[in-house]
Amino acid sequence: MLVFTRRRQEAIRIGDRIEVRVLRVGRDGVRIGITAPPDVPVHREEIYEEIRQANRAAVAPQVDLTALAERLRQP
Amino acid sequence: MRTAAMPVPVDRQPPTDDVREGLARNAVSFPDGIPGFEACRHFVLLTSDALAPLQRIESIEGPPAAFLGIDPRLVLEGYRGSLSATDLRALEADAETTLLWFAIISESEGVLYANLRAPIVINPQRMVGRQVLPDDGLYPIRHPLTTKA
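Residues numbered from 1 in each chain as written. Chains lettered and ligands numbered in written order. Predicted model: local features only at pLDDT ≥ 70, side-chain atom pairs only at ≥ 80, totals over all residues.

**Student:** Any chance you could break down the overall build of chain B for me, citing the residues and the numbers?
**Tutor:** A count of helical and extended segments in chain B gives three helices and eight strands. Counting from the amino terminus, helix and strand elements in chain B follow one another as α-β-β-β-β-α-α-β-β-β-β. Across the 149 residues of chain B, 36% fall into the buried class. For chain B, the proportion of contacts with a sequence separation of at least 24, taken over those separated by at least 6, is 48%. (Helix = DSSP H or I, 4+ residues; strand = E, 2+ residues; numbered from the N terminus. Buried ≥ 20, exposed ≤ 12 C-beta atoms within 10 Å, placed from the backbone. Contact = placed C-beta atoms within 7 Å.)

Following this line, the structure appears as structure tokens:
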């Protein structure tokens, strides 16, 4: 992992399209601003992880290949 | 090639090349993937009378992955999902495009839930899909699935 020390209003550039800037430093948190192109997904990790967990808990239904067969029979 | 008279395996045998080709033609691509199913980028939607109104969404590549989805409007009356400009661009859609919405169904300790927060949205014209991951929590990730649906 790359580790940088940054002060308020200093930034890090990732490639030529992404900028991560420290906006405010508090006692318990750091406010960060991210500038990225719209095709780069940016999420808080805990939200992404929560949705990932819910997806992993998705019901894996019994295989029903008759439906698959029906679909494939369509011209 | 027509798929009309094609024999289809009725058990879990590896699909023949013909079946594989048929699946690929009907596959929806998810360029950004689905969290938790990172190895899968192409899924098919399978419907049957027995499963309706549930829809089976199954990966056609990578490790086996399948889940059930349901139109969130059937789960929660008045459900209004929203899409960002980024979502629309990824779906190659605009505000007028008719899109398919599916809440993924999960199970925990015997109770079924529908994920209304992060629905799967598919543009059937372009056969491209995406799981919408909103940062704000307007709808729950685990909304109990009632028998109404």
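**Student:** Tell me about the sheet that holds strand 2 (residues 18-25) of chain A, and please be specific about residues and values.
**Tutor:** Where strands meet in a sheet, backbone hydrogen bonds hold them as pairs that are either parallel or antiparallel. All names here are of chain A. Spatial ordering of the open sheet is given by 1-2-3, a layout of three strands whose pairing is antiparallel. A strand with exactly one partner marks an edge of an open sheet, and here the two such strands are strand 1 (11-14) and strand 3 (30-35). The mean angle between the axes of side-by-side strands here comes to 20°, regardless of whether they run parallel or antiparallel. By the bridge criterion, four bridges tie strand 1 to strand 2 in an arrangement that is antiparallel. Looking at strand 2, one finds that Arg13 is bridged to Glu19. (Pairing = 2+ DSSP bridges. Axes fitted to C-alpha atoms, helices over the stretch in contact; angles between N-to-C directions.)

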